[in-house]
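Structural characterization, general
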Amino acid sequence: MNMDINIQANSDLLWFGNTLISIKLSSQSGADGISVVEQWMPYGEAPPLHIHQREDEVFHILDGVMRFRVGHDEIIGRAGDTVIAPKGVPHAFRVDSTAGAHCLTIMRGSDFETMLRQASRPAEHPDLPQAIAPTPEMIDMLEKICVANKIDIIGPPLA
């Protein structure tokens, strides 16, 4: 992977699946509960189709190309674009650029951030983890963590 990863020293670094994340602003930091998560994702990264029950999910793409499905719409996002997946609307994405993608995810509320913290592991180094395919046990655990955080997995990832 030739992705340029520049991490600030004050960031919490986690590996969420095959993605490196940095929690830039915790939902606990302010009264409005805004969280900002920086993500570096490899080519082909694609979470399952899901719905956030209580939070809009806003993606601001810093680098790369991401293909989104939001409801019945397909959106191609490129560096500089911002895409919203409103709460209650099924959505998924896939990283389509071969060099990966880099984005900020902004949400109001703690569900997504809490899910990330519960489903991730500390990053051993400030780079993408070695790619692994999720096992049935990993998928089951993620589904349980998502349910506990008001996120419903309703379908497969985008192909």
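Structure: above.
Residues numbered from 1 in each chain as written. Predicted model: local features only at pLDDT ≥ 70, side-chain atom pairs only at ≥ 80, totals over all residues. Heavy atoms only, no water.

**Some details on the side chain of Ser26**
Defined as follows: Runs of H or I in DSSP of at least four residues are treated as helices and runs of E of at least two as strands, each being numbered from the N terminus. In protein, a polar contact requires one atom able to donate a hydrogen and another able to accept it; more generally it is a pair of N or O atoms within 3.5 Å, and residues adjacent in sequence count only if both atoms are side-chain atoms. Two residues qualify as a contact provided that any one of their heavy atoms is within 4.5 Å of a heavy atom in the partner residue.
Along the chain, the position of Ser26 falls in the loop between strand S2 (19–25) and strand S3 (34–41). At 2.8 Å, the side chain of Ser26 forms a polar contact with the side chain of Glu113. Ignoring any residue separated from it by four or fewer positions in sequence, one finds Ser26 in contact with Ile34, Ser35, Glu113 and Arg117.

**With respect to the nonpolar core**
Note the following rule: To form a nonpolar core, buried Ala, Val, Leu, Ile, Met, Phe, Trp, Tyr and Cys residues must be joined to one another through side-chain atoms within 4.5 Å. Burial status follows relative accessibility: with a 1.4 Å probe on protein chains alone, a residue under 20% of its type maximum counts as buried, one over 50% as exposed, and anything between as partly exposed.
Residues Met41, Phe59, Ile61, Met66, Phe68, Val70, Val83, Ala85, Phe93, Val95, Ala101 and Cys103 constitute the largest nonpolar core, which totals 12 residues. Where this core is concerned, the elements lending two or more residues are strand S5 (57–63), strand S6 (65–70), strand S8 (82–85), strand S9 (91–95) and strand S10 (101–108). Looking at which element gives the most residues to this core, the answer is S6, with 3 residues. If we ignore the near neighbours within four places in the chain, the residues touching Met66 are Met41, Phe59, Ile61, Ile75, Ile76, Gly77, Phe93, Arg94, Val95, Asp96, Ala101 and Cys103. If you look at the next biggest cluster of nonpolar residues, it comprises 11 residues, including Leu14, Ile21, Phe112 and Met115.

**Structural notes on the pairing of S3**
Quick note on the threshold: By the convention used here, strands pair only if DSSP detects at least 2 bridges between them.
In terms of residue burial, S3 counts as a mostly covered element, since 7 of its 8 residues are buried. In terms of strand pairing, S3 meets S10 through 8 bridges, oriented antiparallel. Note on S10: the bridge partner recorded for Glu38 is Leu104.

**Thoughts on the packing of helix H1 (residues 111–119) against helix H2 (residues 136–148)**
Note the cut-off: An axis is simply a line fitted to the C-alpha atoms; with a helix, the fit covers only the stretch in contact. Between two such axes, the angle follows the N-to-C directions and lies from 0 to 180 degrees. Oblique is the label for any angle not under 35 degrees, not over 145, and not in the 65 to 115 range, which are roughly parallel, roughly antiparallel and roughly perpendicular in turn. Less than a right angle of anticlockwise turn of the near helix away from the far helix marks a crossing as left-handed, whereas a clockwise turn marks it as right-handed. When residues are grouped by polarity, Ala, Val, Leu, Ile, Met, Phe, Trp, Tyr, Cys and Pro land in nonpolar, Asp, Glu, Lys and Arg in charged, and all others, Gly among them, in polar.
Two elements in contact, H1 and H2, have axes whose closest approach is 9 Å; the angle formed by their N-to-C orientations is 150 degrees. Comparing the axis directions of H1 and H2 gives the class roughly antiparallel. In this structure, the crossing between H1 and H2 has a hand that is right-handed. Along its contact with H1, which presents Met115, Gln118 and Ala119, the element H2 presents Leu142, Ile145 and Cys146. Its residues assigned to classes, the contact of H1 with H2 comprises 5 nonpolar, 1 polar and no charged.

**Overview of the sheet that holds S8**
Across the sheet, which stays open at both edges, the 7 strands sit in the order S8-S5-S10-S3-S2-S1-S11 with antiparallel pairing between neighbours. Each having just a single partner strand, S8 and strand S11 (121–122) make up the two edges of the open sheet. Note: strand S1 (residues 12–16) against S11, 2 bridges, orientation antiparallel. Bridge assignment links Leu14 to a residue of S11, and that residue is Pro122. Along the sheet, H1 contacts S1, S2, S3, S5, S10 and S11; its crossing angle with S1, the most-contacted strand, is approximately 75 degrees.

**So, the layout of surface pockets**
Our working definition: Detection works on a 1 Å grid of protein atoms alone, calling trapped sets that fit a 1.4 Å probe cavities and calling open sets with protein on both sides within 12 Å along at least five of seven lines pockets, with lining residues defined by an atom within 4 Å of a point. Grid points are joined across faces, edges and corners, and a volume is the space filled by probe spheres set on the points.
The computed volume of the largest pocket comes to approximately 910 Å³. Within the residue set of the lining of the largest pocket, elements represented by two or more residues are S1, S3, strand S4 (48–52), S5, H1, H2 and strand S12 (151–157). In terms of residue count, H2 provides more of the lining of the largest pocket than any other element does, 7 residues in total.

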